[in-house]
Amino acid sequence: MEGIFVALAIPFKNGKLDEESLARHVDSLTKAGVDGFYPFGTTSQGPYLTLEERREALEVISRNTNKQLMVHVFSFDWQDVVETVRLAERYGAVAISSIPPIYYRPDYETLRRYYEKLSQLTKLPIFIYNIPQNTGFNVTPDLIARLLSDGVKIAGVKDSTGDITQIMGHVRLGITVLNGADSTILPALMVGAKGCISAMATCFRRS
């Protein structure tokens, strides 16, 4: 993955997906030269979208662009996670991401089992989406190091803490690190992050 990826807003009108507005949004960004899209993260209010709304959104996105997709797959229902992974594959995603389980604070074993089960569903690269201010749980470099040591297939992390020390810790693990806090984009790149995902856009350095 490389170039500029946009964290999409998913518009609704009268309680239903506004397909026309989403199509215009995607088309305008494609014409502006972006390299890809990141649907169903925080900007998309992704965890609150139904499976059918996710399918409809991916259909509109793919119909209006040939750019790459990195799909956030988390749902409060595990079966919806499974089906979202399948949708990501069906619509040609190049990677998936997920926040850790929320509300019931996970211990390490829960974290390990969640991402291990996720990795068993797909061959797509998996990114941990770490946003503790929303989830109440911080996936630290030490935890990711344990996951990697236990054989869990983690390709990278999107870290939205804004903590440069933590980002440096992720970088030292040798995984792909994407900064998720607008205020630390440049410092994160300076310490080895490969790109950023923000409310404005997602960008990856070209190799």
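See the structure printed just above.
Structural notes, computed from the coordinates. (Residues numbered from 1 in each chain as written. Predicted model: local features only at pLDDT ≥ 70, side-chain atom pairs only at ≥ 80, totals over all residues. Heavy atoms only, no water.)

1. Looking at the overall build of the protein chain
Now for step 1: When helices and strands are tallied, the protein chain shows eight helices and eleven strands.
Now for step 2: Relative to the globule expectation of 17 Å for 207 residues, the C-alpha radius of gyration of the protein chain, 16 Å, shows essentially globular dimensions.
Now for step 3: Each principal axis of the C-alpha distribution contributes one length, and for the protein chain these read about 45 × 35 × 30 Å.
Now for step 4: For the protein chain, with 207 residues in total, the buried portion stands at 50%.
Now for step 5: Put simply, of all contacts in the protein chain between residues at least 6 apart along the chain, 64% involve residues at least 24 apart.
Now for step 6: A total accessible area of about 9,900 Å² is found for the protein chain, and carbon and sulfur atoms account for 50% of it. (Helix = DSSP H or I, 4+ residues; strand = E, 2+ residues; numbered from the N terminus. Rg over C-alpha atoms; globule rule 2.2 N^0.38 Å. Buried < 20%, exposed > 50% of the residue type's maximum accessible area, 1.4 Å probe, protein only. Contact = heavy atoms within 4.5 Å. Areas by Shrake-Rupley, 256 points an atom, 1.4 Å probe, with all protein chains shown as cover.)

2. Observations concerning the packing of helix H2 (residues 51–63) against helix H3 (residues 78–90)
Angle between the axes and distance between the axes are the two parameters that describe a pair of packed helices.
Now for step 1: As a packed pair, H2 and H3 sit with axes 10 Å apart at the nearest point and diverge in direction by 10°. Classified by the angle between their axes, H2 and H3 sit roughly parallel to one another. Residues Leu 51, Arg 54, Arg 55 and Leu 58 of H2 lie in contact with H3, whose contacting residues are Asp 80, Glu 83, Thr 84, Leu 87, Ala 88 and Arg 90.
Now for step 2: When the residues that make up the contact of H2 with H3 are grouped by side-chain class, the tally is four nonpolar, one polar and five charged. (Axes fitted to C-alpha atoms, helices over the stretch in contact; angles between N-to-C directions. Parallel < 35°, antiparallel > 145°, perpendicular 65-115°, else oblique. Nonpolar A, V, L, I, M, F, W, Y, C, P; charged D, E, K, R; others polar.)

3. Focus: the pattern of salt bridges
Two side chains carrying opposite charge are able to pair once their charged atoms lie near each other.
Now for step 1: Under the defined criterion, the tally for this structure stands at eight salt bridges.
Now for step 2: With a shortest N-O distance of 3.1 Å, Lys 31 and Asp 27 are connected by a salt bridge. Placement of both Lys 31 and Asp 27 in helix H1 (residues 19–31) is noted, with a separation of four residues, approximately one turn of the helix.
Now for step 3: Classification of Lys 31 as exposed rests on a relative accessible area of 66%.
Now for step 4: Judged by relative accessible area, Asp 27 falls into the partly exposed class, the value being 28%. (Salt bridge = Lys/Arg side-chain N within 4 Å of Asp/Glu carboxyl O.)

4. Describing unusual backbone geometry
Now for step 1: We note that Asn 14 has phi near 55°; this positive angle belongs to a residue other than glycine.
Now for step 2: Since its relative accessible area comes to 76%, Asn 14 is described here as exposed.
Now for step 3: Notably, Phe 40 is not glycine yet its phi reads approximately 75°, a positive angle.
Now for step 4: Within the fold, Phe 40 resides in the loop between strand E4 (36–38) and H2.
Now for step 5: Classification of Phe 40 as buried rests on a relative accessible area of 0%.

5. Comments concerning helix H4 (residues 108–121)
Now for step 1: Its 14 residues place the ends of H4 20 Å apart at the C-alpha level, agreeing with the 20 Å of an ideal helix rising 1.5 Å per residue.
Now for step 2: Along H4, the residues classified as buried are Tyr 108, Leu 111, Arg 112, Tyr 114, Tyr 115, Leu 118 and Ser 119. The arc that holds every buried residue of H4, seen down its axis, measures 165°, which confines them to one face.
Now for step 3: The secondary structure elements touched by the buried residues of H4 are H3, strand E6 (95–98), strand E7 (126–130) and helix H6 (141–149). (Expected span 1.5 Å × (residues − 1). Arc of directions from axis to C-beta.)

6. A look at the nonpolar core
Now for step 1: Judged by nonpolar contacts, the single largest core of 58 residues is most densely connected at Tyr 115 and Leu 118.
Now for step 2: It is H4 that provides the largest number of residues to this core, a total of five residues.
Now for step 3: Apart from residues no more than four positions distant in its own chain, Tyr 115 is found in contact with Ser 98, Ile 99, Pro 100, Ile 126, Ile 128, Tyr 129, Val 152 and Ile 154. (Core = buried A, V, L, I, M, F, W, Y, C linked by side-chain atoms within 4.5 Å.)

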